[in-house]
Amino acid sequence: MALCAKKRPPEEERRARANDREYNEKFQYASNCIKTSKYNILTFLPVNLFEQFQEVANTYFLFLLILQLIPQISSLSWFTTIVPLVLVLTITAVKDATDDYFRHKSDNQVNNRQSQVLINGILQQEQWMNVCVGDIIKLENNQFVAADLLLLSSSEPHGLCYIETAELDGETNMKVRQAIPVTSELGDISKLAKFDGEVICEPPNNKLDKFSGTLYWKENKFPLSNQNMLLRGCVLRNTEWCFGLVIFAGPDTKLMQNSGRTKFKRTSIDRLMNTLVLWIFGFLVCMGVILAIGNAIWEHEVGTRFQVYLPWDEAVDSAFFSGFLSFWSYIIILNTVVPISLYVRYVPSLPWGFSRESGGPIELLFSMKMKSLRSNLKSSSSCDVFDVLGHKAELGERPEPVDFSFNPLADKKFLFWDPSLLEAVKIGDPHTHEFFRLLSLCHTVMSEEKNEGELYYKAQSPDEGALVTAARNFGFVFRSRTPKTITVHEMGTAITYQLLAILDFNNIRKRMSVIVRNPEGKIRLYCKGADTILLDRLHHSTQELLNTTMDHLNEYAGEGLRTLVLAYKDLDEEYYEEWAERRLQASLAQDSREDRLASIYEEVENDMMLLGATAIEDKLQQGVPETIALLTLANIKIWVLTGDKQETAVNIGYSCKMLTDDMTEVFIVTGHTVLEVREELRKAREKMMDSSRSVGNGFTYQEKLSSSKLTSVLEAVAGEYALVINGHSLAHALEADMELEFLETACACKAVICCRVTPLQKAQVVELVKKYKKAVTLAIGDGANDVSMIKTAHIGVGISGQEGIQAVLASDYSFSQFKFLQRLLLVHGRWSYLRMCKFLCYFFYKNFAFTMVHFWFGFFCGFSAQTVYDQYFITLYNIVYTSLPVLAMGVFDQDVPEQRSMEYPKLYEPGQLNLLFNKREFFICIAQGIYTSVLMFFIPYGVFADATRDDGTQLADYQSFAVTVATSLVIVVSVQIGLDTGYWTAINHFFIWGSLAVYFAILFAMHSNGLFDMFPNQFRFVGNAQNTLAQPTVWLTIVLTTVVCIMPVVAFRFLRLNLKPDLSDTVRYTQLVRKKQKAQHRCMRRVGRTGSRRSGYAFSHQEGFGELIMSGKNMRLSSLALSSFTTRSSSSWIESLRRKKSDSASSPSGGADKPLKG
């Protein structure tokens, strides 16, 4: 693995010569070995310990251990510190080692894959890790691409090959690449062995969609672009074989350049705990200084008089030095104010949920590609609606589906319930035939036939795949294509059409067309596109049919379907020849090429005849809209970072209810330059500010920018806005001088969608939010292109889906569907945050109550560093007596049931505001612990001053006092955790009362005759516990101490519950009212589809096969025209709760069933 980590100077350009390893080795390029792991056998121990000792507490405990090894100052045995410290370090190290083992395993699996490399004129099997820059390798169908390759030749005509890029951009649809003509004929191994071309290109970078280079061969230069490259992580599809020249290998590949490093995630609670530990350490030093000064004074004034029987140690020669040693002794004795057992419990609690990250404070959620939220449209049975010449046929539930058995090539998964359309096909209705003929011809789908009759369609858009499959079942089977022909089986007869031109789709045209010549020689243009675009280009003779179709389109749009209009036009030979010549001249133009082509296309796509329309519904994963609605109510902002094209992302944004018709405005940012992007962002902010001023907020934009917090903009903006930004615009927006403007604009919006972004851009957006917003972030994804985003976010969630398990391996949590995120956050995440906060508060409380007793005792023992308790109690207090009850609370506690957590998502907000554990809560816990310690020491001390035993002897002695204080302490902290527990289980009862029983059992055992007989030097006080606890005075003292310590807590909580209840208190009260009224449990209202969209057919964002088949031009992305709507008014959650409470009181029969809005 050393090769993987070898650092090299930055490159200015990459030079790679084919079949010449000796030449390429002098540049010291990286090998093809990859490394995603953090450690190896040699570095694991030092690196892991270094990471762990970044925790201030671990360094603190190590320092204490060193002090305890010095006999002159140690009052406690060294094992009281080293055992829990080693336990903490070991548990964390085992967890880290396990995670890294799986990374090593994944790396080894990838590095040891086999590839065919051309060496000395012979194809040899080589491991991926041994592939070098300049090697020529052979790929076969369905194989992964081993490195970034320049495509030289392939089995397909014209050097074409087809790839899937799911691991790069999340797209499961096929894309096409083509070798340059001069190398496309190098299909023979002997020719490839003689190939000595040299590539000079850009240095390694992370831009997935760009490549610039030049091939020098035979004294000629040939330009290279991204269309000639096969990137590592792609899969070869529908291509028998291809050869490629390795340009970038291993860590230099674009896939690895986009992979974020595995980071040591430090959480908000980690950082807060480090701060608190420093504060506590400062408090500990102050106590040590006070007691050390007291010791020096006491030894000087009093101790010198008792040297005869209380002599100083040999090393002590003055009262000052005695005080110095006493300082370190008290540091050791009082070190339990930072309980190391807290960290012992803190680490194992991680698997239970978001214990480490708290889960509760999630403010921003970054979601993966939109298509991951959808079901597989290609195999869905209810996604299409057809309108043929005004006749509407639907895929709706009928008693029996249509029988397609007449068609041996039909897709058996396709179901259809309207027999009339099939009957029209069978009787030969010409319009119906033309409708399905268009669907079978006007597309860029690729067909693969593994066995006779078994067709597999590879579409760049799921919608295209669904429509071509529908035509297939109705008897118009797209069978195969070449660069110049399309073969379709029409009702069992094979017909080959000559493909004359493909007029590709882009976001300006919003339509695509093909021009074909049928076997009879007739030329016809077939067009499909957005209804808002196509309806204006129809012939006037279709007006009556158009009116009927418009009614159907309006109906489809009202149901949220994506509509598509189909039309055709006959062309005469003379006109076509003249038009084709002008198209050729436009395609060769050096300036304004795209505009000229658009004008040529516009000319021919006019006066078309309407055939009909289709409508397609997104088959979203179950529960996606409801999940997004719930998370939005929980004040979790959702940003979608997707590789999808803009129109697809916007359409699915509406389907998921991220975007709604009620939004004030949706801003589209598509600028291609820095100035354009800055201007579009500025205009968006100005519109939001103007809207806020118009509703009377009374502030200016400049005033808001002067605030130190970016959230001020968000809080001030009235209305609901959304922001959609493209990848090329985002690249400018993320530059240092514009990132704050972008972040301010995005944070003021309810929803943000970033389209066509690279994996690295996803990570950069997450890092930007972490840097300036200081918000806790969660990233969720399902593909390899989401890994860097998942690693960068505070919490990474992987969805196990169709795109492999890379995201799952890189994540902190994983599940199978997006909808489970609502339970992960609103139930388990919130509970985990609640438990962790209670866990921390209780730990600090009980340890201050335990430790501060030593401080007060110091004033009565001559500041001699004598402990109140014996060392066995000190050792067992945190490990045995008080560990299990708090562990049970940390695992099982809940404030409201899971149904209520889902029903009232506003319960999530206290965690976002850090209300349950912060510096204020910390000081409250410390104050309560100090208060308890004062009573714990002085009440028994006052009682014992004059108390006597039953036989009249003096009760006061050191051991009896220690037993009384220790017993009071264990009982008080056990009662306290009982008060803190909100959800009682049998395990809670067993652990709390069982811990008390264990305390008494161990106490009596340590003062028994048996242990004294075995260890007379260790257990000298035989019968002390039995004699002490047999005295009624002792038990009255214990009861009095417990009551005085606990009653103020009970009184305070009672008053707070009645005078100032929090959200969970109110929800619990509502639940209690429901139970008393025996009302039925209210089911959460399902979010319905209310948005209307027109012409949202999801074409592929790729120009795809059109350009390479018919010399089509690149698409250009442009802004969408989206309507503006007025702002919705909404009620606050607490107002709804109050209305709910008053309704329940006034209307006992029905009040409990009214919904409580979040």
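From a predicted model like this one, the values you see are computed outputs, not experimental measurements.

Quick look at the pattern of salt bridges now. Close approach of charged atoms allows side chains with opposite charge to pair. The tally for this structure, following the rule as stated, stands at 42 salt bridges. For Glu 686, the salt bridge identified is with Arg 682, shortest N-O distance 2.4 Å. Note that Glu 686 and Arg 682 are positioned in helix H21 (residues 674–694) at a spacing of four residues, about one turn of the helix. A salt bridge links Glu 898 to Arg 823; its shortest N-O distance comes to 2.3 Å. Taken together, the residues Glu 898 in helix H32 (residues 898–903) and Arg 823 in helix H29 (residues 820–858) connect sequence positions 75 residues apart. Of the residues examined, Glu 898 reaches a relative accessible area of 30% and is grouped as partly exposed. A cluster of three or more residues bridged by salt bridges with shared partners is formed by Glu 434, Arg 437, Glu 490, Lys 522, Arg 524 and Asp 570.

With eight of its eight residues buried, strand S13 (residues 241–248) lies for the most part within the structure. Pairing analysis gives five bridges linking strand S4 (residues 136–140) to S13, with the strands arranged antiparallel. Opposite Ile 137, over in S13, you have Gly 244 as the bridge partner.

In this structure the tally under the stated criterion is eight cavities of 30 Å³ or more. In this structure, the second largest cavity is lined by 13 residues; those nearest its centre are Asp 870, Phe 873, Val 963, Ala 966 and Leu 1003. Of all elements in the fold, only helix H30 (871–881), helix H35 (958–980) and helix H36 (986–1006) reach the threshold of two or more residues within the lining of the second largest cavity. Here the lining of the second largest cavity is built from residues that sort into 10 nonpolar, two polar and one charged.

In this section: the sheet that holds strand S14 (residues 362–367). Taken in spatial order, the eight strands of this open sheet run S27-S28-S29-S26-S14-S30-S31-S32, and their pairing is parallel. Looking at strand neighbours, the two that pair on one side only are strand S27 (665–669) and strand S32 (813–815), the edges of this open sheet. Geometrically, the sheet is characterised by an average inter-axis angle of 15° between neighbouring strands, direction not taken into account. Relative to S32, strand S31 (residues 795–799) runs parallel, the two sharing three bridges. Opposite Val 797, over in S32, you have Tyr 813 as the bridge partner.

Relative to the helices and strands, Ile 495 resides in strand S21 (residues 493–503). In sequence terms Ile 495 and Arg 479 are 16 residues apart; their C-alpha atoms lie 9.8 Å from each other. Among all residues touching Ile 495, those that are not within four sequence positions of it are Ile 486, Thr 487, Val 488, Glu 490 and Pro 519.

What follows deals with the pairing of strand S5 (residues 148–154). Among the seven residues in S5, seven count as buried, and that is most of the element. With six bridges joining them, S5 and S13 adopt antiparallel strand pairing. Pairing of Asp 148 across the sheet is with Phe 248, part of S13.

What follows concerns a nonpolar patch on the surface. Residues Ile 290, Phe 859, Phe 860, Phe 938 and Tyr 941 make up a contiguous nonpolar surface patch of roughly 460 Å² in combined accessible area. For Tyr 941, the location among the structural elements is in helix H34 (residues 919–946).

To continue, consider the packing of helix H25 (residues 739–747) against helix H26 (residues 759–772). Here H25 crosses H26 at 85°, and the two axes come no closer than 11 Å. Taken together, H25 and H26 sit at an angle that is classed as roughly perpendicular. Of the residues in H26, those touching H25 at Glu 739, Leu 740, Phe 742 and Leu 743 are Leu 768, Val 769, Lys 771 and Tyr 772. Here the contact of H25 with H26 is built from residues that sort into six nonpolar, no polar and two charged.

Attention now moves to H30. The complete set of buried residues in H30 reads Phe 873, Ile 874, Thr 875, Tyr 877, Asn 878 and Tyr 881. The N-cap residue of H30 is Asp 870: its side-chain oxygen and the backbone nitrogen of Tyr 872 are 2.9 Å apart.

Let us now look at the environment of Tyr 575. Looking at the secondary structure, you find Tyr 575 in helix H17 (residues 573–587). Expressed as a C-alpha distance, the spacing of Tyr 575 and Val 604, which sit 29 residues apart in the sequence, is 9.7 Å. With residues near it in sequence (within four places) discarded, Tyr 575 still touches Arg 582, Glu 603 and Val 604.

Looking now at the packing of aromatic side chains. Throughout the structure, instances matching the rule amount to 50 aromatic pairs. Relative to Tyr 941, the ring of Phe 860 has its centre 4.6 Å away and its plane inclined at 45°; by these criteria the two rings are tilted. One end of the pair, Phe 860, is in the loop between H29 and H30; the other, Tyr 941, is in helix H34, and 81 residues separate them in sequence. Judged by its relative accessible area of 40%, Phe 860 is partly exposed. An angle of 35° between the planes, with centres 5.6 Å apart, marks the rings of Phe 873 and Tyr 881 as tilted.

On to the sheet that holds strand S10 (residues 220–224), then. A sheet is described by the order of its strands in space; here four strands give the open sequence S1-S8-S9-S10, paired in antiparallel fashion. The open sheet has two edge strands, strand S1 (14–17) and S10, and neither has a second partner. For this sheet the average axis-to-axis angle between neighbouring strands, irrespective of direction, equals 20°. As paired strands, strand S8 (residues 198–201) and strand S9 (residues 213–217) are joined by four bridges and run antiparallel to one another. If you follow Val 199 over to S9, its bridge partner there is Leu 215.

This next bit is on the packing of H29 against H30. H30 packs onto H29 with a crossing angle of 170° between their chain directions and a minimal axis gap of 11 Å. Classified by the interaxial angle, the pair formed by H29 and H30 is roughly antiparallel. Across from Phe 843, Lys 846, Asn 847, Phe 850 and His 854 in H29, the residues of H30 making contact are Phe 873, Ile 874, Tyr 877 and Asn 878. A breakdown of the residues in the contact of H29 with H30 according to their chemical character gives five nonpolar, three polar and one charged.

What follows concerns the UniProt feature "binding site: Mg(2+)" (unreviewed entry) in the chain. Annotation from UniProt places "binding site: Mg(2+)" (unreviewed entry) at Asp 782 and Asp 786. Tracing the sequence through the fold places Asp 782 in the loop between strand S30 (776–781) and helix H27 (787–792). You can see Asp 786 is positioned in the loop between S30 and H27. Residue Asp 786 is classed as buried on the basis of its relative accessible area of 0%.

Counted at 1.5 Å a residue, the expected span for H29 with its 39 residues is 57 Å, and the 55 Å between its end C-alpha atoms agrees. Helix geometry: H29 is bent most strongly at Gly 829, by close to 35°. Where burial is concerned, most of H29 is hidden: 35 out of the 39 residues are buried.

What follows covers the confidence of the model for the chain. Averaged over every residue, the pLDDT of the chain is 80; the share at 70 or more is 82%. Ignoring residues within four places in sequence, the model shows residues 375–383, a span with pLDDT below 50, making 31 contacts including any to other chains. Confidence drops under pLDDT 50 across residues 1108–1142; counting only partners more than four residues distant or on other chains, this segment forms 103 contacts.

It is worth spelling out the nonpolar core at this point. Side chains of nonpolar character tend, in soluble globular proteins, to be buried together. Membership of the largest hydrophobic core comes to 90 residues, with the highest contact counts inside it found for Phe 844, Tyr 869, Phe 873, Phe 917, Leu 969 and Tyr 999. Top element by residues in this core is H29. It accounts for 18 residues. When we break this core down by domain, the ones giving at least three residues each are domain 2 (36–110) and domain 3 (268–358 + 825–1057). Residues Trp 128, Ile 137, Cys 234 and Val 246 belong to the second largest nonpolar core, which totals 51 residues.

Rules and cut-offs
- Residues numbered from 1 in each chain as written.
- Predicted model: local features only at pLDDT ≥ 70, side-chain atom pairs only at ≥ 80, totals over all residues.
- Heavy atoms only, no water.
- Salt bridge = Lys/Arg side-chain N within 4 Å of Asp/Glu carboxyl O.
- Helix = DSSP H or I, 4+ residues; strand = E, 2+ residues; numbered from the N terminus.
- Buried < 20%, exposed > 50% of the residue type's maximum accessible area, 1.4 Å probe, protein only.
- Pairing = 2+ DSSP bridges.
- 1 Å grid on protein atoms, 1.4 Å probe; cavity = no way out; pocket = protein on both sides within 12 Å on 5 of 7 lines; lining within 4 Å.
- Points joined across faces, edges and corners; volume = space filled by probe spheres on them.
- Nonpolar A, V, L, I, M, F, W, Y, C, P; charged D, E, K, R; others polar.
- Axes fitted to C-alpha atoms, helices over the stretch in contact; angles between N-to-C directions.
- Contact = heavy atoms within 4.5 Å.
- Patch = residues over 30% accessible without salt bridge, like charges linked within 9 Å, V, L, I, M, F, W, Y side chains within 5 Å.
- Areas by Shrake-Rupley, 256 points an atom, 1.4 Å probe, with all protein chains shown as cover.
- Parallel < 35°, antiparallel > 145°, perpendicular 65-115°, else oblique.
- Polar contact = N/O pair within 3.5 Å; in protein donor to acceptor, adjacent residues only side chain to side chain.
- Phe/Tyr/Trp six-rings, centres within 6.5 Å; stacked < 30°, edge-to-face > 60°.
- UniProt positions renumbered as here; feature names shortened; annotations may be inferred.
- Expected span 1.5 Å × (residues − 1).
- Bend = angle between axes of the 7 residues up to and from the residue.
- pLDDT = per-residue confidence, 0-100.
- Core = buried A, V, L, I, M, F, W, Y, C linked by side-chain atoms within 4.5 Å.
- Domains from an automatic or database assignment.

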